[in-house]
Amino acid sequence: YPWRHTPETRLSEFNLTEIEAMLGSYTKVLFVRDPFQRLISTFMQGMGSSPSFSSFVQDVLDSGQHSTSVAWKPLVSLCHPCLIQYDYVVMFGFLRQELGHLLQRAGLPVDSFLPEFTDTQVRWTYSWLSEQMFRELSLQQKKQLSHFYRWDLAAFPFSSSFLSD
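Residues numbered from 1 in each chain as written. Predicted model: local features only at pLDDT ≥ 70, side-chain atom pairs only at ≥ 80, totals over all residues. Heavy atoms only, no water.

Trainee: Explain the nonpolar core to me, please; I cannot follow it from the model alone.
Mentor: Burial of nonpolar side chains together is a common tendency in soluble globular proteins. Of all hydrophobic cores here, the largest spans 28 residues; its most connected members are Leu-39, Phe-53, Leu-145 and Tyr-149. Looking at this core, the elements that each hand over two or more residues are β1 (29-32), α2 (35-44), α3 (53-63), α4 (75-79), α6 (119-134) and α7 (139-148). It is α3 that provides the largest number of residues to this core, a total of five residues. (Core = buried A, V, L, I, M, F, W, Y, C linked by side-chain atoms within 4.5 Å. Buried < 20%, exposed > 50% of the residue type's maximum accessible area, 1.4 Å probe, protein only. Helix = DSSP H or I, 4+ residues; strand = E, 2+ residues; numbered from the N terminus.)

Trainee: What's the story with the packing of aromatic side chains in this structure? I'm lost.
Mentor: If you walk through the whole model with that rule in mind, you get nine aromatic pairs. Note on Phe-43 and Phe-56: the rings are 5.7 Å apart at their centroids and 40° apart in plane angle, and the pair reads as tilted. Here Phe-56 lies in helix α3 and Phe-43 lies in helix α2, a separation of 13 residues in the sequence. Here the aromatic residues Phe-36, Phe-43, Phe-53, Phe-56, Trp-72, Phe-134, Phe-148 and Tyr-149 are joined through ring pairs into a cluster of three or more. (Phe/Tyr/Trp six-rings, centres within 6.5 Å; stacked < 30°, edge-to-face > 60°.)

Trainee: I'm lost on helix α1 (residues 16-25) in this one. Help?
Mentor: Residues that lie three or four places apart on an α-helix share one face, since the helix turns once every 3.6 residues. When α1 is considered as a whole, its buried residues turn out to be Glu-18, Ile-19 and Met-22. For α1, the buried positions fall inside an angular range of 100° around the axis, keeping them on one side. Set apart from the buried face of α1 by more than 90 degrees, the exposed residues are Leu-16, Thr-17, Glu-20, Gly-24 and Ser-25. At the N-terminal end of α1, a side-chain oxygen is found 3.0 Å from the backbone nitrogen of Thr-17, two or three residues along, and the residue is Asn-15. (Arc of directions from axis to C-beta. Polar contact = N/O pair within 3.5 Å; in protein donor to acceptor, adjacent residues only side chain to side chain.)

Trainee: Looking at this structure, how should I read the pattern of salt bridges?
Mentor: When their charged atoms lie close together, side chains carrying opposite charge are able to pair. Within this structure, the stated rule accounts for two salt bridges. The partner of Asp-87 in a salt bridge is Lys-28, with the nearest N and O atoms 3.5 Å apart. Within this pair, whereas Asp-87 is found in the loop between α4 and β2 (88-91), its partner Lys-28 is found in the loop between α1 and β1, the two being separated by 59 residues in sequence. Lys-28 sits in the buried class, given a relative accessible area of 12%. (Salt bridge = Lys/Arg side-chain N within 4 Å of Asp/Glu carboxyl O.)

Trainee: Sorry if this is basic, but what is going on with the pairing of β1 here?
Mentor: Moving residue by residue along a regular strand, the side chains alternate between the two faces of the sheet. Along β1, the buried face is formed by Leu-30 and Val-32; none of Val-29 and Phe-31, which line the opposite face, is buried. For β1 and β2, the ladder comprises four bridges, and the chain directions are parallel. By the bridge assignment for β2, Val-32 is matched with Met-91. (Pairing = 2+ DSSP bridges.)

Trainee: What is the right way to look at the packing of α2 against α3 in this model?
Mentor: When two helices pack together, their arrangement is given by the angle between the helix axes and the distance between those axes. Running from N to C, α2 and α3 point in directions that differ by 115°, and their axes come no closer than 11 Å. By crossing handedness, the relation of α2 to α3 is classed as right-handed. In this structure, α2 contributes Leu-39, Ile-40, Thr-42 and Phe-43 to the contact, and α3 contributes Phe-53, Phe-56 and Val-60. Residue composition of the contact of α2 with α3, grouped by class: six nonpolar, one polar and no charged. (Axes fitted to C-alpha atoms, helices over the stretch in contact; angles between N-to-C directions. Left-handed = near helix turned anticlockwise from the far one by under 90°. Contact = heavy atoms within 4.5 Å. Nonpolar A, V, L, I, M, F, W, Y, C, P; charged D, E, K, R; others polar.)

Trainee: It is not clear to me how the side chain of Arg-38 should be interpreted in this structure. Could you clarify?
Mentor: Within the secondary structure, Arg-38 is located in helix α2. Although buried, Arg-38 forms no salt bridge, and the nearest oppositely charged side chain, Asp-152, lies 4.3 Å from it. At 2.7 Å, the side chain of Arg-38 and the backbone oxygen of Lys-73 are in polar contact. Residues in contact with Arg-38, not counting those within four places in the same chain, are Arg-33, Val-70, Ala-71, Trp-72, Lys-73, Leu-75, Leu-78 and Asp-152. (Lys, Arg positive; Asp, Glu negative; His and termini not counted.)

Trainee: I keep staring at the packing of α3 against α7 and nothing clicks. Help me out?
Mentor: Packing of α3 against α7 leaves a shortest axis separation of 11 Å and a crossing angle of 45°. For the element pair α3 / α7, the angle class is oblique. Note that α3 runs across α7; the crossing there is left-handed. Note on element contacts: α7 touches α3 through Gln-141, Gln-144, Leu-145 and Phe-148, opposite Ser-54, Val-57, Gln-58, Val-60 and Leu-61. Of the residues contributing to the contact of α3 with α7, the split by class is five nonpolar, four polar and no charged. (Parallel < 35°, antiparallel > 145°, perpendicular 65-115°, else oblique.)

Given below as structure tokens:
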């Protein structure tokens, strides 16, 4: 099936027989990132036109599940972890540690491919950013975000402690 693959190729473009063959023979790796970190990152990269984080979050909530943006869509609706048996789930924030394990299992040199930053630095930075930025949000917005990402929060061990007051 490599002849049909492009960066934009979706699994849904194949028939059921091809999908089953691919999923049965490929090593399936799912990279997941805390949905709230994804929101912060998207906002900071200027991908939304909102002047504040609070108004950006409101835009996301107003667009709901029907939004086509993969930048903030819930992971469960993008990657279907309940339908696909992933061989590995790699969490952003533990990237260096988990990528090292994956590269080692694949027989590749570990050190040459790993990012320079440490997982601890990444986790601390996003923890601090989350705390600062989520202070802007109303209690209603926090409740709506918790509901919006409820399946991601149930499927993966993400922290949502800063959503409560």
